[in-house]
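Coordinates in review
Chain by chain, the residues run as shown.
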Amino acid sequence: MAGTTIFTPEHVATVSSLYRRALRLSLNWAVRRDIWRPQALAIRARFESNKNVTEPRKIQDLIASAEKELAVNRHPDPYIPPQRPGGTKYERNVPPSLQKPVDGDY
């Protein structure tokens, strides 16, 4: 992220986004929550270990390496919540048309 300085709202949003995306990615690869939880704790530990870094160049390197790692480990078929577009229940029960039915239109 060019132009991201340390501890600005943009920096906090970038790191938070990386953290959430890392958690979602690991959940895509895990079969069950009990398998995923230790992975989530390991991700949290990695982020916590770098929380006191103050050098802007080091921070940019860490963000770039995290983005690269997310891209490399991207799941080919990520989980989509059922009600979201592309989910299994998306538009399953479409509301009926409010127009009057036409005789013989089945």
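Now for a quick tour of the structure. On a predicted model such as this, the values are computed, not experimentally measured, just so you know.

Conventions adopted
- Residues numbered from 1 in each chain as written.
- Predicted model: local features only at pLDDT ≥ 70, side-chain atom pairs only at ≥ 80, totals over all residues.
- Heavy atoms only, no water.
- Helix = DSSP H or I, 4+ residues; strand = E, 2+ residues; numbered from the N terminus.
- Rg over C-alpha atoms; globule rule 2.2 N^0.38 Å.
- Buried < 20%, exposed > 50% of the residue type's maximum accessible area, 1.4 Å probe, protein only.
- Contact = heavy atoms within 4.5 Å.
- Areas by Shrake-Rupley, 256 points an atom, 1.4 Å probe, with all protein chains shown as cover.
- Lys, Arg positive; Asp, Glu negative; His and termini not counted.
- Charge placed at Lys NZ, Arg CZ, Asp CG, Glu CD.
- Expected span 1.5 Å × (residues − 1).
- Arc of directions from axis to C-beta.
- 1 Å grid on protein atoms, 1.4 Å probe; cavity = no way out; pocket = protein on both sides within 12 Å on 5 of 7 lines; lining within 4 Å.
- Points joined across faces, edges and corners; volume = space filled by probe spheres on them.
- Nonpolar A, V, L, I, M, F, W, Y, C, P; charged D, E, K, R; others polar.

Counting secondary structure elements, the protein contains three helices and zero strands. Reading the secondary structure of the protein in the N-to-C direction produces α-α-α. Against the compact-globule benchmark of 13 Å for 106 residues, the protein has a radius of gyration of 21 Å, which places it well outside the compact range. Overall, the protein is about 75 × 35 × 20 Å in size when its C-alpha atoms are taken along their principal axes. For the protein, with 106 residues in total, the buried portion stands at 19%. Considering only contacts in the protein between residues 6 or more positions apart, those separated by 24 or more positions represent 58%. Carbon and sulfur atoms make up 56% of the accessible area of the protein, which totals about 8,900 Å². One way to put it: in the protein the 17 positive side-chain charges average out to a point 6 Å from where the 11 negative ones average out.

We now examine helix H2 (residues 33-49). Taking 1.5 Å per residue as the helical rise, H2 with its 17 residues ought to reach 24 Å, and the 24 Å between its terminal C-alpha atoms agrees with that figure. Among the residues of H2, Trp36, Ala40 and Ile43 are the ones counted as buried. Buried residues of H2, viewed axially, fall in a sector of 60°; they line one side. Among the exposed residues of H2, those pointing more than 90 degrees away from its buried face are Asp34 and Ser49.

Now for the layout of surface pockets. Empty space within the largest pocket amounts to approximately 770 Å³. Taken together, 26 residues form the lining of the largest pocket, with Val15, Leu18, Arg46, Phe47 and Ala66 sitting closest to its centre. The greatest single-element share of the lining of the largest pocket, amounting to nine residues, is contributed by helix H1 (residues 9-29). Of the residues that constitute the lining of the largest pocket, the class distribution is 16 nonpolar, five polar and five charged. Taken as a whole, the second largest pocket encloses approximately 380 Å³ of empty space. Residue lining of the second largest pocket: 15 residues in total, with Arg21, Arg24, Leu25, Asn28 and Pro78 positioned closest to the centre. Going through the elements one at a time, H1 and helix H3 (56-72) are the ones with two or more residues in the lining of the second largest pocket. The leading source of residues in the lining of the second largest pocket is H1, at five residues. Partitioned by chemical class, the residues of the lining of the second largest pocket number eight nonpolar, two polar and five charged.

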